[in-house]
Amino acid sequence: MDKAAVGRSRTRSICLVGLAVALIAVSAWVTIPIGPIPFTLQMLAIPLMIYVLRPSEVICAIYAYVFLGGLGLPIFSGMRGGIGVLLGPTGGFLIGYLIGVPLAALLLHAVRSHMAKRSPQNGSASPEKGERAKVYAFLRSSGWELLAGIIFIFFAYLVGTLRYDVVTGVGLPLSFAACAAPFIVPDLIKDVLAILTARLIKSALRERYW
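All of these numbers come straight from a predicted model, not from anything done at the bench. (Residues numbered from 1 in each chain as written. Predicted model: local features only at pLDDT ≥ 70, side-chain atom pairs only at ≥ 80, totals over all residues. Heavy atoms only, no water.)

Trainee: Whenever I open this one, unusual backbone geometry confuses me. Can you help?
Mentor: The phi torsion of most residues other than glycine is negative, and most of the peptide bonds are trans. Backbone geometry at Met 79 places phi at a positive 55°, although glycine is not the residue there. Within the secondary structure, Met 79 sits in the loop between α3 (55–71) and α4 (83–87). (Helix = DSSP H or I, 4+ residues; strand = E, 2+ residues; numbered from the N terminus.)

Shown next as structure tokens:
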């Protein structure tokens, strides 16, 4: 790859990281207060970034988001910012993002790379077998994406619940009831929507970012 192509690739990656940070921030501003932990669209936006962007891009985006918010930019839920949010009862979710996003993105990248290497050449295959292979590949890929999303959600819940318990001292059962239980089904639905949206985006761009 020549220097010009490398430069274009880096510029594109920087732009995508900036757009991802903006999307995560906007999704955090869409807040519905249903208790001590608000309902936001971050569990849709962040998995979407995991499915569409390269691992390095989505990892840079989530770390930049938390760093900028920690500096005081009002990009956390409720248009808040500052180190106080990270140290508060809901700050564990943000720390969980820093763990869950890299694990989910790297797992998905490894699986996709493995699947690409093992993908058969269907030039001589019959149309019927070719269609079956496409359906199977779609379901298998979607299954791995769903698993990656669940890994991300799990670590967000885990660290968020533990942090909430440490700060409030209400105990793990009540912390789980406040931080995770009300969101499990909605967040799984958002994860599925993120998978479908990512497919549409990649199909429209005709380009894969991994």
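Trainee: How do you make sense of the side chain of Ser 175 when you look at a structure like this?
Mentor: Among the structural elements, Ser 175 can be located in helix α7 (residues 172–179). On the basis of relative accessible area, Ser 175 is assigned to the buried category, the value being 0%. (Buried < 20%, exposed > 50% of the residue type's maximum accessible area, 1.4 Å probe, protein only.)

Trainee: So what exactly am I meant to see when it comes to the nonpolar core here?
Mentor: Nonpolar side chains in soluble globular proteins tend to end up buried together. Among the nonpolar cores identified, the biggest contains 46 residues, and Ile 46, Ile 50, Ile 62, Tyr 65, Tyr 97 and Phe 152 are the most heavily contacted of them. If you list the elements that add at least two residues to this core, you get α1 (3–29), α2 (42–52), α3, α4, α5 (91–118), α6 (127–168), α7 and α8 (184–205). Of all the elements, α5 adds the most residues to this core, at eight residues. In this structure Tyr 65 touches Val 21, Ile 24, Ala 25, Ala 28, Gln 42, Ile 75, Phe 76 and Leu 94, once residues within four positions along its chain are discounted. (Core = buried A, V, L, I, M, F, W, Y, C linked by side-chain atoms within 4.5 Å. Contact = heavy atoms within 4.5 Å.)

Trainee: What's the story with the pattern of salt bridges in this structure? I'm lost.
Mentor: Should the charged atoms of two oppositely charged side chains come close, the side chains can pair. Taken as a whole and assessed by the stated rule, the structure comprises five salt bridges. Residue Glu 57 is joined to Arg 54 by a salt bridge in which the shortest nitrogen-to-oxygen separation is 3.0 Å. For Arg 54, a relative accessible area of 23% corresponds to the partly exposed category. One salt bridge in this structure joins Lys 190 and Asp 187, with 2.9 Å as the shortest N-O distance. With Lys 190 and Asp 187 both in helix α8, this residue pair falls three residues apart, about one helical turn. (Salt bridge = Lys/Arg side-chain N within 4 Å of Asp/Glu carboxyl O.)

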